[in-house]
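Listed below are the residues making up each chain.
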Amino acid sequence: MESLYLKALSAFISLFEESEEKFGYKYMLVGGVLTSIYAEARQTQDVDILIQVRLSQDSKLNLQKIFQKYNFQPITNWEDVFLNWNSNQFIQILDPDGIVKLDINLAGSLPKNNSIYEKIKFLAFKNRKRHKFNGMLCWIQGMEDFILSKLVYGGYQDYKDALACWIRYNQKLNVEYLLKNAKELGIKEVYQALTHNYSVDKVFPDD
Amino acid sequence: MVLTDRIISDLQTKMIFINKIPQQKLTQLFLDMCDSGITRYIESEQEKTPELNSSTIMKKYYLFLNSRKSET
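Residues numbered from 1 in each chain as written. Chains lettered and ligands numbered in written order. Predicted model: local features only at pLDDT ≥ 70, side-chain atom pairs only at ≥ 80, totals over all residues.

Draft legend 1. Focus on the overall build of chain A. A tally of helices and strands in chain A yields eleven helices and six strands. Its C-alpha atoms give chain A a radius of gyration of 17 Å, within 12% of the compact-globule value 17 Å for 207 residues. The principal-axis extents of the C-alpha atoms in chain A amount to approximately 50 × 45 × 30 Å. When the 207 residues of chain A are sorted by exposure, 42% land in the buried category. Across chain A, every contact between residues at least 6 apart in sequence was considered, and the portion connecting residues at least 24 apart equals 59%. (Helix = DSSP H or I, 4+ residues; strand = E, 2+ residues; numbered from the N terminus. Rg over C-alpha atoms; globule rule 2.2 N^0.38 Å. Buried ≥ 20, exposed ≤ 12 C-beta atoms within 10 Å, placed from the backbone. Contact = placed C-beta atoms within 7 Å.)

As structure tokens, this is what we get:
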């Protein structure tokens, strides 16, 4: 039987490969889908993606057209999909079977503010990597940026994923890049906790 | 749940093994885990509400998750 998740992921990748080629919207897979590559594989029911797109009416129409061309489904209706899309910089759609959710984080042409969430988006685009995921060529977030973004978001599962990546690829990681950007993002303390393999209860005692 | 020193130690051991497994097998394991989670959820909901199809069940689930997020 064909994998439900793989079928959805293939459709998402085809869509974003086409939108990058046609409209120049750079994309990369981020989040839980990368755990089997960078950390410890874990279950997820959605796919997270980051795309760089000018937040204009034209882009909205282009995205809507391409979602519909690939028979993607809205969770409720198409109006809701794009409600506050440019202020929230976030869109959710479902695969053509209406089973797997795609969370699309948007990065505009320039950072909209000085927050670490905006900074990590733009930093990550510079280092995205081409990867063959089950035979499908796609863009994924780089290993170091995977760790940094997990530390920026800072939840229990995020820290665990970052720690698993740190342990798994300890000899391969660019530690100079990690330290420099951890300082710039204001997460040096939690990064240093990670490099000492500290457990979550020591880093987030209230979680 | 707390990620204790003991769990960290287990994680380090697990990574030694994970690094010996070909990436293709790790990807397949990830896909199996995701499918199993989705399928089990749909089947458990269909026992309660057999009239709902898989897509409707998942849409209801995502709407519920979104409503919880907006409350926090």
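Moving on from the coordinates now.
Draft legend 2. View of the interface of chain B and chain A. Each partner contributes residues to the interface: chain B has 29 residues there, and chain A has 29 residues. Among the elements of the structure, α1 (5-18), α2 (23-48) and α3 (54-71) of chain B are those that each provide at least two residues to the side of chain B that touches chain A. For the side of chain B that touches chain A, the element with the most residues is α2(B), which contributes eleven residues. Class assignment of the residues belonging to the side of chain B that touches chain A gives a composition of 17 nonpolar, eight polar and four charged. (Nonpolar A, V, L, I, M, F, W, Y, C, P; charged D, E, K, R; others polar.)

Draft legend 3. Representation of the confidence of the model for chain B within the structure. All names here are of chain B. For chain B, mean pLDDT is 90; residues scoring 70 or higher make up 94% of the total. At the level of individual helices and strands, chain B shows its lowest average pLDDT in α1, which scores 86, and its highest in α2, which scores 96. With a pTM of 0.91, the predicted complex shows an ipTM of 0.89. (pLDDT = per-residue confidence, 0-100.)

Draft legend 4. Representation of the nonpolar core within the structure. Counting 74 residues, the largest nonpolar core has Tyr5(A), Phe12(A), Leu29(A), Ile49(A), Ile51(A) and Cys165(A) as its most contacted members. Of all the elements, helix α1 (residues 4-23) of chain A adds the most residues to this core, at nine residues. Summarising the domain contributions, this core has at least three residues from each of domain 1 (4-141) and domain 2 (146-203) of chain A. With residues up to four places along the chain from it excluded, the contact list for Tyr5(A) reads Val100(A), Leu31(B), Cys34(B), Asp35(B) and Ile38(B). (Core = buried A, V, L, I, M, F, W, Y, C linked by C-beta atoms within 7 Å. Domains from an automatic or database assignment.)

Draft legend 5. Fine view of the environment of Phe146(A). Residue and element names in this part refer to chain A. Turning to its location among the elements, phenylalanine 146 is positioned in helix α7 (residues 143-153). Among the residues examined, phenylalanine 146 registers 24 C-beta atoms within 10 Å and is labelled buried. Note: C-alpha distance between phenylalanine 146 and glutamine 68 (78 residues apart in sequence) is 30 Å. Each residue touching phenylalanine 146, except ones within four places of it in the same chain, is listed here: Leu34, Tyr38, Gln141 and Cys165.

Draft legend 6. Geometry of the domain arrangement of chain A. Residues and elements named next belong to chain A. Its domain assignment divides chain A into domain 1 (4-141) and domain 2 (146-203). Taking only C-alpha atoms, the centre of domain 1 and the centre of domain 2 are 24 Å apart. Mapped by element, the contributors of at least two residues to the side of domain 1 that touches domain 2 are α2 (35-38) and α6 (116-126). It is α6 that provides the largest number of residues to the side of domain 1 that touches domain 2, a total of six residues. Of the residues assigned to the side of domain 1 that touches domain 2, the class counts are nine nonpolar, two polar and two charged.

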